[in-house]
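# Examination of the molecular architecture
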Amino acid sequence: MPRSVSGVEMRKRQAAHIEAPPQAPGQPRPNTCCLCWCGCCKCLWNDDRMERSERQTCTKMDSIEATEEQRPSLEEVLSWARSFEMMLRSLEGREVFRQFLRSEYSEDNLLFWLACEELKKETDPTAVDEKARIIYEDYVSILSPKEVSLDSRVREGINQSLAEPSNLMYEEAQLQIYTLMHRDSFPRFLNSSVYRDLLASRRRTCLDT
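Residues numbered from 1 in each chain as written. Predicted model: local features only at pLDDT ≥ 70, side-chain atom pairs only at ≥ 80, totals over all residues. Heavy atoms only, no water.

Per the secondary structure count, the protein chain includes ten helices and zero strands. For the protein chain, the α and β elements follow one another from N to C terminus as α-α-α-α-α-α-α-α-α-α. Taken across its 209 residues, the protein chain has 31% of its residues classed as buried. Counting only contacts in the protein chain whose residues sit at least 6 apart along the sequence, the fraction spanning at least 24 positions is 53%. Total accessible area on the protein chain is roughly 14,200 Å²; 53% of this is exposed by carbon and sulfur atoms. (Helix = DSSP H or I, 4+ residues; strand = E, 2+ residues; numbered from the N terminus. Buried < 20%, exposed > 50% of the residue type's maximum accessible area, 1.4 Å probe, protein only. Contact = heavy atoms within 4.5 Å. Areas by Shrake-Rupley, 256 points an atom, 1.4 Å probe, with all protein chains shown as cover.)

Next comes the structure, spelled out in structure tokens:
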């Protein structure tokens with residue numbers, strides 16, 4: 001263990017470090033207590049380091065608490081049953097719906113719809129071209145393992161648009177998948193254990209508070 005260093009001796013070492021000539025490359029630093037960054041003593045630098053560590057720990061705890069608060073409220077969960085559009089606009093709603101679709105092996109429908117939403121927001125021509133081709137390769141091409149169910153007319157229109165991609169080239173295909181999810185998957189979702197368990201959990205939380 002390092003021996004105790006008095007305040008006077010510490011100041012002498014610090015002054016010697018400040019006045020000493022620069023060290024040549026590869027030469028070890030002098031043993032100057034806290035100024036050597038070894039953390040071997042009780043000094044202001046170490047106090048500051050410990051304080052920063054405590055602040056980081058508190059920040060992590062605050063982040064965990066914020067995540068807990070972001071869980072959907074009972075009112076929000078109930079609103080999903082009234083409106084498919086409202087559920088899709090909710091981040092939590094999309095995640096729960098995606099969990100259900102995954103159980104039915106139709107998660108790619110939602111992923112395709114979300115990818116099209118992102119493409120519509122894009123204005124840079126280079127990015128539009130890249131994202132449009134990625135969507136095609138991931139969800140539209142007959143060679144894609146994640147191919148979504150589109151009719152032949154819509155698929156042919158997309159194939160023609162690939163020559164000059166635009167941020168709206170998947171609009172009709174997106175509407176077709178939206179309609180499929182709304183009419184087919186959404187009613188089953190509302191009757192599924194995924195949604196009903198979440199609804200029951202939110203109701204219990206309200207009763208507890």
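After presenting the structure, the write-up continues.
Let's shift gears to the pattern of salt bridges. Across all of its chains, the model carries eleven salt bridges by this definition. Put simply, Arg155 and Glu147 hold a salt bridge, and the shortest N to O gap is 3.2 Å. For Glu147, a relative accessible area of 36% translates into the label partly exposed. Overlapping salt bridges, with partners in common, bring together Arg98, Arg102 and Glu107 in one network. (Salt bridge = Lys/Arg side-chain N within 4 Å of Asp/Glu carboxyl O.)

Okay, the side chain of Ser185 next. If you trace the backbone, Ser185 turns up in helix α9 (residues 171–190). If near-sequence neighbours (up to four positions away) are discounted, Ser185 is found in contact with Phe97, Phe100, Leu101, Ser106 and Leu180.

So, on to helix α5 (residues 91–103). With 13 residues, α5 should cover 18 Å at 1.5 Å per step; its first-to-last C-alpha distance of 19 Å lies within 8% of that length. Buried within α5 we find Gly93, Val96, Phe97, Phe100 and Leu101. Seen end-on, α5 carries its buried residues on one side only, within an arc spanning 140°. Its buried side turned inward, α5 meets α3 (74–82), α4 (84–89), α6 (107–121), α9 and α10 (193–208). Just downstream of α5 lies Tyr105, where phi reads positive at about 60°. (Expected span 1.5 Å × (residues − 1). Arc of directions from axis to C-beta.)

This part covers the side chain of Gln174. Within the secondary structure, Gln174 is located in helix α9. Residue Gln174 is classed as buried on the basis of its relative accessible area of 4%. Side-chain polar atoms of Gln174 contact the side chain of Lys120, separated by 3.1 Å. Once you skip the residues sitting within four places of it in the chain, Gln174 turns out to touch Phe112, Trp113, Cys116, Glu117 and Lys120. (Polar contact = N/O pair within 3.5 Å; in protein donor to acceptor, adjacent residues only side chain to side chain.)

This part is about the nonpolar core. The biggest cluster of nonpolar side chains holds 39 residues, and the ones touching the most others in it are Phe97, Phe112, Ile158, Tyr170 and Phe189. Among the elements of the structure, α3, α4, α5, α6, α7 (125–140), α8 (152–161), α9 and α10 are those that each provide at least two residues to this core. Sort the elements by how many residues they give to this core and α9 lands first, with seven residues. Apart from the residues lying within four places of it in its own chain, the contact partners of Ile158 are Tyr136, Val140, Leu150, Met169, Tyr170 and Ala173. (Core = buried A, V, L, I, M, F, W, Y, C linked by side-chain atoms within 4.5 Å.)

Of all residues in the protein chain, 66% have pLDDT values of 70 or greater, and the mean over the chain is 79. When the criterion is pLDDT under 50, residues 28–42 qualifies, and its contacts beyond four places in sequence or with other chains add up to 25 contacts. Residue range residues 53–69 is modelled with pLDDT below 50. Its contacts to residues more than four positions away, or to other chains, number zero contacts. (pLDDT = per-residue confidence, 0-100.)

The next subject is the packing of α8 against α9. Relative orientation of the contacting elements α8 and α9 amounts to 150°, with a least axis distance of 9 Å. As judged from the angle between their axes, α8 and α9 are roughly antiparallel. Crossing hand, α8 versus α9: left-handed. On α9, the residues that touch Arg153, Val154 and Ile158 of α8 are Glu172, Ala173 and Gln176. Split by residue class, the contact of α8 with α9 holds three nonpolar, one polar and two charged. (Axes fitted to C-alpha atoms, helices over the stretch in contact; angles between N-to-C directions. Parallel < 35°, antiparallel > 145°, perpendicular 65-115°, else oblique. Left-handed = near helix turned anticlockwise from the far one by under 90°. Nonpolar A, V, L, I, M, F, W, Y, C, P; charged D, E, K, R; others polar.)

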